[in-house]
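# Summary of the model geometry
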Amino acid sequence: MTNLQVKVDDRARLVTAVLAASDWPAIEQVQRPHAVHIHAKQTRQFVAPFRGHPAVTGINQAWLNGVELDEMFSAALRCQWPDFAPIEPLPRVLQIDGWVASLADFAAVSDIATTFWPEHKAVWDTAVTELNDIFQDNRLLQFLSQMRGQPIEQDIIIMPNLVYPALSPVLATAQNKLTLLLPPPKAVGESPPWPYSEGVGWVTAVTCRQLAAYLLADKLANELDREQRHLLIHAITTLCLEQTLDEFAGQAYLLRTSKEQNLPELPALVEKLRTAKPEEEYSVLFEQEIGD
């Protein structure tokens, strides 16, 4: 059985620092005003002198061209540390070879790994400990394997992301490995984010949604349209919370998601999924109008 590990990968952490020096923090604030983790502020101050570095201008240009952050993080994780020499094929993104090479230079000229990260080791250690407490067993992966109908072959890495992006998770892919960068739970209003330990249900739900969407992608794309896939992922997440936490967590997610996303058909789909057989096609769940 594949194990889920919680750890910090310096290759991915370097990309979060590049993001801190880029236009991304301002873009996030336009999307949704929010307070960020204090370490994100400290990182942004540290990397401010490097805003004109090719690694920063390269990532700015990438998303202007429609490149997803998942691809940029995936590129970094397909290279070795600290020279960022590719060790497996990179995503098919224009100028990606030059960008990963610029990451090595950014690490060298900023000296972030020796002059900044060691001073902030405690905050990362705390985040790792809190996520380890949440994922201390394999119940989540056992549930996802059941939903998938077969074992998960990839290694799963959960990495706390205390920098950027601050509002959304990132799923980076490499050969036989999935790395989910997870921001801390957003607090109510514009208060600083909560510790992971104070958002166990949120952490579990986000992780389940991200991994389920990826691990079931081929199957769901073949059977369901986009709206059905979206609905099913929420139904799967509801059952995941019930089975890995408790029934209350699942019902709270079900009620909140049904209301906030205007999905009145979600409760009926959860009930149909609850009694579905693992070997059945998911399209069976949509053969009759939900709610009949």
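In case you missed it, the structure is sitting above this.
Position numbers for residues start from 1 in each chain and track the written sequence from start to end. Totals for whole chains, interfaces and linings use all residues, but because this is a predicted model, local features are given only for residues with pLDDT of at least 70 and pairs of side-chain atoms are given and counted only at 80 or more. Note that water and hydrogens are dropped before the side-chain values are worked out from all heavy atoms of the structure.

## Brief notes about the overall build of the chain
Helices and strands together make up the secondary structure of the chain, namely 14 helices and four strands. Against the 2.2 N^0.38 benchmark of 19 Å for 292 residues, the chain shows a C-alpha radius of gyration of 20 Å, consistent with a compact globule. Considering only C-alpha atoms, the chain reaches an extent of 60 × 40 × 35 Å along its principal axes. Each residue's exposure class comes from its accessible area (1.4 Å probe, protein chains only) as a fraction of the maximum for that residue type: buried when under 20%, exposed when over 50%, partly exposed otherwise. Put simply, the chain has 292 residues, and 51% of those count as buried. We call two residues contacting when some pair of their heavy atoms lies within 4.5 Å. Across the chain, every contact between residues at least 6 apart in sequence was considered, and the portion connecting residues at least 24 apart equals 70%. Carbon and sulfur atoms provide 49% of the accessible area of the chain, an area that totals close to 14100 Å². Charged residues are defined here as Lys and Arg on the positive side and Asp and Glu on the negative side; His and the ends of the chain fall outside this count. Charge coordinates come from a single atom per side chain, which is NZ of Lys, CZ of Arg, CG of Asp or CD of Glu. A gap of 2 Å separates the mean positions of the 23 positive and 37 negative side-chain charges of the chain. Counting from the N terminus, the helices are DSSP H or I runs at least four residues long and the strands are E runs at least two residues long. Only C-alpha atoms enter the radius of gyration, while the globule expectation follows 2.2 Å times N to the 0.38, with N the number of residues. Accessible surface is estimated by sampling points in the Shrake-Rupley manner with a 1.4 Å probe; for residues, cover comes only from the protein chains shown.

## Examining the pattern of salt bridges
For this analysis, a salt bridge means a side-chain nitrogen from Lys or Arg found within 4 Å of a carboxyl oxygen belonging to Asp or Glu. Under the criterion given, the structure shown has eight salt bridges. Linking Glu153 and Arg148 is a salt bridge whose minimum nitrogen-to-oxygen distance equals 3.3 Å. We classify Arg148 as buried; its relative accessible area is 16%. Salt bridges linked by common partners bring Glu242, Glu271 and Arg274 together as one network.

## Examining the side chain of Thr207
Mapped onto the fold, Thr207 is located in helix α10 (residues 200-215). In this structure, Thr207 is in contact with Phe135, Leu140, Ile158, Leu180 and Leu182, ignoring residues within four places of it in sequence.

## Details of helix α13 (residues 247-260)
The end-to-end C-alpha separation of α13 is 20 Å, in line with the 20 Å expected for 14 residues at 1.5 Å each. Within the sequence span of α13, burial applies to Ala249, Gly250, Tyr253, Leu254, Thr257 and Ser258. Projected down its long axis, α13 shows its buried positions confined to an angular sector of 150 degrees, all on one face. Of the exposed residues in α13, the ones pointing more than 90 degrees away from its buried face are Phe248, Leu255, Lys259 and Glu260. Capping the start of α13 is the job of one residue whose side-chain oxygen sits 3.2 Å from the backbone nitrogen of Phe248: Asp246. Just past α13, the residue Asn262 takes up positive phi, approximately 55 degrees. A helix is expected to reach a length of 1.5 Å times the quantity of its residues less one. Here the arc refers to the set of directions running from the helix axis out to each C-beta atom. Here a polar contact is taken to be a pair of N or O atoms separated by no more than 3.5 Å, where protein atoms must pair a possible hydrogen donor with a possible acceptor and residues adjacent in sequence count only if both atoms sit in side chains.

## Examining the layout of surface pockets
Lining residues are defined by having an atom within 4 Å of a point belonging to a cavity or pocket. Those points lie on a 1 Å grid over the protein atoms alone, cavities being sets where a 1.4 Å probe fits but cannot get out and pockets being open sets with protein on both sides within 12 Å along at least five of seven lines. Grid points are joined across faces, edges and corners, and a volume is the space filled by probe spheres set on the points. The volume enclosed by the largest pocket comes to roughly 1600 Å³. Counting residues per element, the ones that place at least two in the lining of the largest pocket are α5 (69-77), β3 (170-174), α10, α11 (217-223), α12 (226-244) and α13. Top element by residues in the lining of the largest pocket is α10. It accounts for eight residues. When residues are sorted by character, Ala, Val, Leu, Ile, Met, Phe, Trp, Tyr, Cys and Pro go into the nonpolar class, Asp, Glu, Lys and Arg into the charged class, and all the rest, Gly among them, into the polar class. Along the lines of polarity and charge, the residues of the lining of the largest pocket split into 30 nonpolar, 10 polar and 10 charged.

## With respect to the packing of helix α1 (residues 10-21) against helix α3 (residues 38-47)
For helices, the fitted axis covers only the stretch in contact; all axes are lines through C-alpha atoms, and the angles between them, taken along N-to-C directions, range from 0 to 180 degrees. Contact pair α1 / α3: the axes reach a minimum separation of 8 Å and the direction vectors enclose 75 degrees. When the interaxial angle is binned, α1 and α3 end up roughly perpendicular. Taken together, the residues of α3 that come into contact with α1 (itself represented by Ala17, Ala20 and Ala21) are Thr43, Arg44 and Val47. Along the lines of polarity and charge, the residues of the contact of α1 with α3 split into four nonpolar, one polar and one charged. When an angle is under 35 degrees it counts as roughly parallel; over 145 it counts as roughly antiparallel; between 65 and 115 it counts as roughly perpendicular; any other value is oblique.

## Structural notes on empty space enclosed by the protein
For the coordinates displayed, the defined rule picks out two cavities of 30 Å³ or more. Considering only enclosed or pocket space, the largest cavity measures out at about 80 Å³ in volume. Taken together, Ile134, Phe135, Asp137, Arg139, Leu140, Thr204, Thr244 and Leu245 form the lining of the largest cavity. Per-class residue counts for the lining of the largest cavity are four nonpolar, two polar and two charged. Taken as a whole, the second largest cavity spans an internal volume of roughly 40 Å³. Along its surface, the second largest cavity is lined by Val36, His37, Asn161, Leu162, Val163, Pro165, Ala166, Pro183, Pro184 and Pro193. Broken down by class, the residue content of the lining of the second largest cavity amounts to eight nonpolar, two polar and no charged.

## Notes on the sheet that holds strand β4 (residues 177-182)
At least two DSSP bridges between two strands are required for those strands to pair. Here four strands make up an open sheet; going across it, the order is β1-β2-β4-β3 and the pairing mixed. Every other strand in the sheet has two partners, leaving β1 (4-6) and β3 as the edge strands with one partner each. Direction aside, neighbouring strands of the sheet carry axes that sit 20 degrees apart on average. Bridge count between β3 and β4: five bridges; the pairing is antiparallel. Pairing of Leu171 across the sheet is with Leu180, part of β4.

## A short note on the environment of Asn3
Looking at the secondary structure, you find Asn3 in the segment before β1. Classification of Asn3 as partly exposed rests on a relative accessible area of 46%. Through-space distance from the C-alpha of Asn3 to that of Leu216 is 18 Å; in sequence the pair is 213 residues apart. For Asn3, the contacting residues outside a window of four places in its chain are Asn138, Leu141 and Ile156. In this structure the side chain of Asn3 is engaged in a polar contact, spanning 3.2 Å, whose partner is the side chain of Asn138.

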